Amino acid sequence: MEDVSGNARPQWQEVPHDSSASPPLSPPPEGFMQKFRLYETRSNFYMVGRDKSRTYWKILKIDRSEPLELNICEDSTTYTERECSDLLRRIHEGNRATGGLKFVTTCYGIVGFIKFLGPYYMLLITKRRQIGVICGHNIYAISKSEIIPLPHSAVISSMVNYKNENRQQTQFLDLVVDTNLETLENTIWTVALVYGFFRQATLSLSGRDLRLTLIARRSRHYAGTRYLKRGVNENGRVANDVETEQIVIEDVPEGVPMQISSVVQNRGSIPLFWSQETSRLILKPDIILSKRDQTYEATRLHFEHLVERYGNPIIILNLIKTNEKKPRESILRSEFANAIEVINKDLSEENRLKFLHWDLHKHSRSKATNVLLLLGKVAAYALTLTGFFYCQVTPMLLSEEHPKWSSSENVVAFDMSAPKNARCHMAEHNCDENEESGNSDRKSSGTNGNGIGDNSNPSVKPPMVQKGVLRTNCIDCLDRTNVAQYAYGLAALGHQLCALGVTTSTRIDLDDPLAEELMGCYERMGDTLAHQYGGSAAHNKVG
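One structure accompanies this document, and this report is about it. Just so you know, these numbers come straight off a predicted model, no measurement behind them. (Residues numbered from 1 in each chain as written. Predicted model: local features only at pLDDT ≥ 70, side-chain atom pairs only at ≥ 80, totals over all residues. Heavy atoms only, no water.)

### Comments concerning the sheet that holds strand 4 (residues 72-74)
Within the open sheet, the 5 strands sit side by side as 4-3-2-1-5. Their pairing is antiparallel. If you trace the sheet from one side to the other, it starts and ends with strand 4 and strand 5 (102-107), each paired once. Here the average twist between neighbouring strands, direction ignored, is 20°. With 6 bridges joining them, strand 1 (residues 35-40) and strand 2 (residues 44-50) adopt antiparallel strand pairing. Its bridge partner lying in strand 2, Leu 38 is registered against Met 47. Along the sheet, helix 2 (residues 81-94) makes contact with strand 1, strand 2 and strand 3 (57-63), crossing strand 3 at roughly 25°. (Pairing = 2+ DSSP bridges. Helix = DSSP H or I, 4+ residues; strand = E, 2+ residues; numbered from the N terminus. Axes fitted to C-alpha atoms, helices over the stretch in contact; angles between N-to-C directions. Contact = heavy atoms within 4.5 Å.)

In structure tokens, the structure reads:
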């Protein structure tokens, strides 16, 4: 017997509201659903979602009768709690002959749908824990998830390949979850996840409370573990592609303008076609250039992707070895340099890739070399070119759905022709038509020492945006890369604190307790990323 909702279509159309029972609902806010309950009948799942105040309710129907297809029907109606309860009661009454409507679980959203050998599965977040907050928005980590087969057990038992499903499920973490938003047109049902790292620390400087956040976001495009995924693919996507964002926010009482600063850097495998043979007997497998392309189309495409995401300039910090008794890394070093040279011939002078090679292994073995000090100089150079994000957010701006900032015509910048794709990495805020200030040490007429321009309202500082990115790599993009990224993060933090008016100098000494605090964050991030890509913690720590 089919569900009553399958036979009687009115439940999946607009339902007229009884004015005597409850007033008509205003349109729900975007992304309003906070909690979900899953119900089942023999032939359908029903996902019921509601907002935090229990004002708005929505229903999603997922077919269970087709073992190999994903059929989802989203009800366009927004219900009150009473109307939703009435609809679920009618579904239960119409399916009494086959067991009625049963509660399955409470959850916090759908991660996606996945298919192994047979049926589709639905992956749900069933437990979560709060790990931070950014601009009033809570950040959660998944504590528990549940994978639920869509077909009814009677349908599954008749499937030929279902016995092999358990083995496939154990390898689930190596697979990509299909969120199917083509199927789910409304993303309020699905939860976008960050796979990588998140850490938040509270700082107290000069009598002011600050919140430091470090986020690492792994790319899904060329996912996989070390040795299985190296270099670049035909689409210009690289292995171990990670975006790292460092955010500093001043903790202020409600109603007081909030200052926010953010800086982004990138790491990723050397964008060439190369690989390594895995062997338990060989500690350092040979590096093989598996495919040579004289025009470096995939490499070119990779950097075009970076320009689309971050704008120009793209600064490449290559940390691999230059000289070896048996050439391994140096093979890639020369090929990578040649690729950059070829690509740059077709670019205008201002948009050419900036290639910096620095053999970290060689310099770290020298007692006379302070690696972090030298990397700090590289970081300062990169910050001069890209700038960083800063804005002062008023309570009115935080409350607006699509905030607009004042004109930035008074902001002093190194390049006043900021592109449309200059990135503002703070969620919930736009950075349209704003220029950036590149080096906060630069002094010019109309600015203070922080690189922040004059404004008609002296109490509100104009925003700055980051344009371009520093891309760092070694071989695995783990240990050496993490050291360099810490050096960049420390240099950026000095500029961020200065922009917030917490300090008057952009310099933070390596023995400063603040540097040690930041070092701990980057070491934990390095260990986490190393486990995700390589299976073990980072070997070379920052210090």
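### Observations regarding the pattern of salt bridges
Tallied over the full model, the rule gives 15 salt bridges. With its nearest N and O atoms 3.2 Å apart, the salt bridge here joins Asp 286 to Lys 326. On the criterion of sequence distance, the pair formed by Asp 286 in the loop between strand 13 (274-276) and strand 14 (287-289) and Lys 326 in the loop between strand 15 (314-318) and helix 6 (329-344) is long-range, its members being 40 residues apart. Exposure remark for Lys 326: the relative accessible area of 51% places this residue in the exposed category. Linking Glu 329 and Arg 480 is a salt bridge whose minimum nitrogen-to-oxygen distance equals 3.0 Å. Residue Glu 329 is found in helix 6, and its partner Arg 480 is found in helix 10 (residues 479-499); the two are separated by 151 residues along the sequence. (Salt bridge = Lys/Arg side-chain N within 4 Å of Asp/Glu carboxyl O. Buried < 20%, exposed > 50% of the residue type's maximum accessible area, 1.4 Å probe, protein only.)

### Quick word on the nonpolar core
Leu 272, Phe 303, Leu 332 and Leu 375 are the most contacted members of the largest nonpolar core, which totals 69 residues. Of the residues forming this core, the biggest block, 11 residues, is contributed by helix 10. Beyond its immediate sequence surroundings of up to four residues, Leu 332 is in contact with Ile 270, Leu 272, Trp 274, Ile 287, Leu 289, Ile 320 and Ile 475. Counting residues in hydrophobic clusters, the runner-up holds 21 residues, among them Phe 36, Met 47, Ile 110 and Trp 189. (Core = buried A, V, L, I, M, F, W, Y, C linked by side-chain atoms within 4.5 Å.)

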